[in-house]
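Secondary and tertiary structure notes
Each chain, letter by letter, is given below.
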Amino acid sequence: MVINRLRRAQQRHRPSGLRIALPDKELAGAEQRLRSSADHESAAWVDASLRTLAAACRSQNRRAPRVVAVRVLEHATELVLGPSADPNPVAPFERGGSKQSWFLPRRPGLIDEANADPWVAGMDVMSPGLVTLGRGPQGLLLVDVEQAGSVALTGEDADDVLRAMAIELATSSWSEQVNVVLVGMERVSHSRHSSDPTLDVLDRVREAADLVEVLPELRHVTTERALMLDAVGLDRTSDARLAMSGDGWDLTVVFCSSRAVAANRNAITELVSLAGDGAHGLATVCAGSIADANWLLETGNGPVTFRLAGVSDATVWPQTLNDDAGEQIAKIVDVAMQLDGVDMMTPPYDEIETRPASSDLVDDDQPAAIEILVLGPVEVVGAARPFTRAWSLELVVYLAMHPGGATSDQWATHLWPNRQMAQASLHSTASAARRALGSTATGEDHLPRSHGRLALGPGVATDWD
């Protein structure tokens, strides 16, 4: 998730003695709602399926099919193909119920295998424009806006569906090669301030007040892409992305709000013409009635039926995101991008009740004898001798993160989750850790001996504390 990545960067850059910036109470609640509704499992399956398809087609010298949609089913990922697709699937995909669909069964370990295989993990995704439309009776339905070229959304929820699609493309793991252009989504509420962050805090996003200001760039994109494709003898950017990889085959998706559509019909007509069928690396999604759009979708309160030429109808409950939610996401990301750090009295830290940590048990005038650094490269400052056994250092860090201590079974299971260690190995690991930490001036071990349970002594603290 984007927020997780940014928070890791905050931790790495956090100056000593300061804390990372966190959202206030209202934004924290919004973030909790976003996290609780996120479907990480489905996203992982889609990502693994797309990379597996790209790797399989290239390794077996097969022409990749045009994937117009993906259904995330309970036991498989279904790829819905264009009308002219080869009905014979490439292994490990299987033939679906229709000649226009391939299935990848959800077998245990597939995601781990895809992530562990450098060939698969390093493969450019063929369908970076794949985005969630909504959830149907069988699961999520995602559509590839690149294969459509142009999509028109009509109905009262059109802007909310459009906003949800745009933010997903700006954050999804398989859309790294997508440039998102938001047109006409500027705020209209007088309660908001011009200094508030907007969605262009997301690194794939660019905002424009009017379509006219970005049309020259979009003309250049399609002209340049046509010349590049002609030079390599291919017809579509998606084909080139699989055949030769490289960062020259990225996708630009322009999202036009209903205000932008109503304000400049002539520019919208040119945009749809430039996008064509998506062959030249440009696609557009517009909130409004567009007569020449290749795909049409009417939204409203409740399920809608999405029709693709040559593909069975799909009934879904659309994924929506209103303007307030979009503003909150922008603010959450903006806070997570702050690398300077804040002091302990900055909200929300001033309201956080912290539990006693090992450092709190040490007299203020007597600093901890040993400090375990975990925010960055792991290091033990003040130890009596170097740690010669990696597992002993692992044990000390584990105990530092569990101030209440842990039983032998607990820490052994966490250090060796897939192995049954002999008691002698556990004892020698604990003894090596005790020797490395040493003892206090009065002779008390920093890792006291105990029967069946270990905990660090009061003279050991961490930078996390």
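Described below are features of the structure shown in this document.

Basis of the calculations
Residues numbered from 1 in each chain as written. Predicted model: local features only at pLDDT ≥ 70, side-chain atom pairs only at ≥ 80, totals over all residues. Heavy atoms only, no water. Helix = DSSP H or I, 4+ residues; strand = E, 2+ residues; numbered from the N terminus. Contact = heavy atoms within 4.5 Å. Areas by Shrake-Rupley, 256 points an atom, 1.4 Å probe, with all protein chains shown as cover. Lys, Arg positive; Asp, Glu negative; His and termini not counted. Charge placed at Lys NZ, Arg CZ, Asp CG, Glu CD. Buried < 20%, exposed > 50% of the residue type's maximum accessible area, 1.4 Å probe, protein only. Phe/Tyr/Trp six-rings, centres within 6.5 Å; stacked < 30°, edge-to-face > 60°. Pairing = 2+ DSSP bridges. Axes fitted to C-alpha atoms, helices over the stretch in contact; angles between N-to-C directions. Core = buried A, V, L, I, M, F, W, Y, C linked by side-chain atoms within 4.5 Å. Salt bridge = Lys/Arg side-chain N within 4 Å of Asp/Glu carboxyl O. Parallel < 35°, antiparallel > 145°, perpendicular 65-115°, else oblique. Nonpolar A, V, L, I, M, F, W, Y, C, P; charged D, E, K, R; others polar. Left-handed = near helix turned anticlockwise from the far one by under 90°.

1. Observations regarding the overall build of the protein chain
If you tally the helices and strands in the protein chain, you get 15 helices and 19 strands. Across its three principal directions, the C-alpha atoms of the protein chain cover 85 × 55 × 45 Å. Taking as baseline every contact in the protein chain between residues at least 6 positions apart, the subset at least 24 positions apart corresponds to 70%. Per element, the accessible surface of the protein chain, about 23300 Å² overall, is 50% carbon and sulfur. Averaging the coordinates of the 41 positive side-chain charges in the protein chain and doing the same for the 62 negative ones gives two points 6 Å apart.

2. Things to note about the environment of Gln423
Mapped onto the fold, Gln423 is located in helix α15 (residues 423-437). In this structure Gln423 comes out as partly exposed when scored by relative accessible area, which is 47%. Residues Gln423 and Gly184, spaced 239 residues apart in sequence, show a C-alpha to C-alpha distance of 66 Å.

3. As for the packing of aromatic side chains
The tally for this structure, following the rule as stated, stands at three aromatic pairs. On the basis of an interplanar angle of 50 degrees and a centroid distance of 5.1 Å, the ring pair of Trp391 and Trp416 is categorised as tilted. With Trp391 in helix α13 (residues 390-400) and Trp416 in the loop between α14 (408-415) and α15, this pair connects stretches of sequence that are 25 residues apart. These aromatic residues form a ring-pair network of at least three members: Trp391, Trp411 and Trp416.

4. Considerations on the sheet that holds strand β16 (residues 379-381)
Reading across the sheet, the three strands line up as β16-β15-β19 and stay open at both edges, with mixed pairing between neighbours. Every other strand in the sheet has two partners, leaving β16 and β19 (460-462) as the edge strands with one partner each. Between one strand and the next, the sheet's axes are offset by a mean angle of 25 degrees, whatever the strand orientation. Relative to β19, strand β15 (residues 370-373) runs parallel, the two sharing three bridges. Its bridge partner being in β19, Ile372 is matched across the sheet by Thr462.

5. Re the nonpolar core
One finds Val145, Leu153, Val180, Val253, Phe255 and Val285 to be the most contacted residues of the largest nonpolar core, which totals 50 residues. Ranked by residues supplied to this core, first place goes to helix α7 (residues 158-169) with eight residues. In this structure, Val253 is in contact with Val145, Leu169, Val178, Asn179, Val180, Val181, Ala283 and Val285, ignoring residues within four places of it in sequence. In this structure, Val46, Cys57, Val70 and Phe93 belong to the second largest nonpolar core, which totals 32 residues.

6. Side note on the pattern of salt bridges
In this structure the tally under the stated criterion is 13 salt bridges. The shortest N-O distance in the salt bridge between Arg63 and Asp239 comes to 3.1 Å. Of the two residues, Arg63 sits in the loop between α3 (40-59) and β1 (67-72) while Asp239 sits in helix α9 (residues 237-244), which places them 176 residues apart along the sequence. A relative accessible area of 13% means that Asp239 is categorised as buried. Arg241 serves as the salt-bridge partner of Glu146, at 3.1 Å between the closest nitrogen and oxygen. Here Glu146, found in helix α6 (residues 145-148), pairs with Arg241, found in helix α9; they are 95 residues apart in sequence, far enough to count as distant. In this structure, Glu146 and Arg241 share a single accessibility class: buried.

7. Thoughts on the packing of α13 against α15
The contact between α13 and α15 brings their axes to 8 Å, and the two run at 75 degrees. Classed by the angle they form, the pair α13 and α15 counts as roughly perpendicular. Counted together, Trp391, Ser392, Leu395 and Val396 of α13 and Thr429, Ala430, Ala432, Ala433 and Leu437 of α15 form the full contact between these two elements. Within the contact of α13 with α15, the residues separate by chemical class into seven nonpolar, two polar and no charged.

8. Brief notes about unusual backbone geometry
Glycine aside, residues mostly have negative phi angles, and peptide bonds mostly take the trans form. The peptide bond linking Ala91 to Pro92 adopts the cis configuration, its omega dihedral lying at 10 degrees. By the element assignment, Pro92 lies in the loop between β2 (76-81) and β3 (94-95). Here Pro347 and Pro348 are connected by a cis peptide whose omega angle stands at 5 degrees. Mapped onto the fold, Pro348 is located in the loop between α12 (323-336) and β15.

9. Quick notes on the packing of helix α8 (residues 215-232) against helix α11 (residues 265-275)
Relative orientation of the contacting elements α8 and α11 amounts to 15 degrees, with a least axis distance of 10 Å. With respect to each other, α8 and α11 are oriented roughly parallel. Considering only the axes of α8 and α11, their crossing is left-handed. On the side of α8, the interface is formed by Leu215, Leu218, Arg219 and Thr222, while α11 contributes Ala267, Glu270, Leu271 and Leu274. By residue class, the composition of the contact of α8 with α11 is five nonpolar, one polar and two charged.

10. Description of the pairing of strand β7 (residues 150-154)
Extensive coverage of β7 is indicated by the burial of four of its five residues. Pairing analysis gives four bridges linking β7 to strand β11 (residues 282-287), with the strands arranged parallel. Bridged to Leu153 within β11 is Ala287. As judged from the four bridges shared by β7 and strand β12 (residues 295-298), these two strands associate in the parallel manner. Paired with Thr154 across the bridge in β12 is Glu298.

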